Amino acid sequence: HRNDNVSPFFINNISKNRRKTEVRMYNSIIAGVKRNSLMLATPLDDYYSGEFAYSYLQTDTLGQRFAHDNVYALKRDTTLFVCDLYKDKEQYYDFRLDSLSPARDIADSLIATRYPLDRLGKNRLEDGKPDAGCYEY
């Protein structure tokens, strides 16, 4: 049973009495079978310092103050990865991008220069338009 109210990437427990909580994610994919795969849950926005950019995100809880230059998931996007996360449980953890994936060509080139090769050794910078996530199409 999947509880749709709990996000797999959940940022909370932010306190006025501690250093600011900071999360920075670039050129990433945060998506899956949950309605909100990423959630920032705090009324203390001033005590959170983070940024999500040049990524594919499945969320409706992250304000513009913390996010820019992202592509947001549609209600049920079945072209993100080679396998459909909703159907094929055999390849559930296969995160290679589909040819029609909305995560293609959205990553920041400058950030990609720090990580020029994907997990399989493919050059992210070869076509001048790096993809979000751990695999270059």
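Residues numbered from 1 in each chain as written. Predicted model: local features only at pLDDT ≥ 70, side-chain atom pairs only at ≥ 80, totals over all residues. Heavy atoms only, no water.

**A few points about the sheet that holds strand β8 (residues 71-72)**
What the 3 strands build is an open sheet, ordered β3-β6-β8; its pairing is parallel. The open sheet has two edge strands with one neighbour each: β3 (29-30) and β8. Here strand β6 (residues 56-57) pairs with β8 via 2 bridges, running parallel. Following the sheet pairing, Y56 is matched in β8 by V71. (Pairing = 2+ DSSP bridges. Helix = DSSP H or I, 4+ residues; strand = E, 2+ residues; numbered from the N terminus.)

**Thoughts on the side chain of D108**
Following the sequence through the fold, D108 ends up in the loop between β8 and α1 (109-112). The side chain of D108 is buried and forms no salt bridge, while R114, the nearest opposite charge, is found at 6.6 Å. A distance of 2.9 Å separates a polar side-chain atom of D108 from the backbone nitrogen of I111. Apart from residues lying up to four places away in sequence, D108 is in contact with N27, Y54 and P130. (Buried < 20%, exposed > 50% of the residue type's maximum accessible area, 1.4 Å probe, protein only. Lys, Arg positive; Asp, Glu negative; His and termini not counted. Salt bridge = Lys/Arg side-chain N within 4 Å of Asp/Glu carboxyl O. Polar contact = N/O pair within 3.5 Å; in protein donor to acceptor, adjacent residues only side chain to side chain. Contact = heavy atoms within 4.5 Å.)

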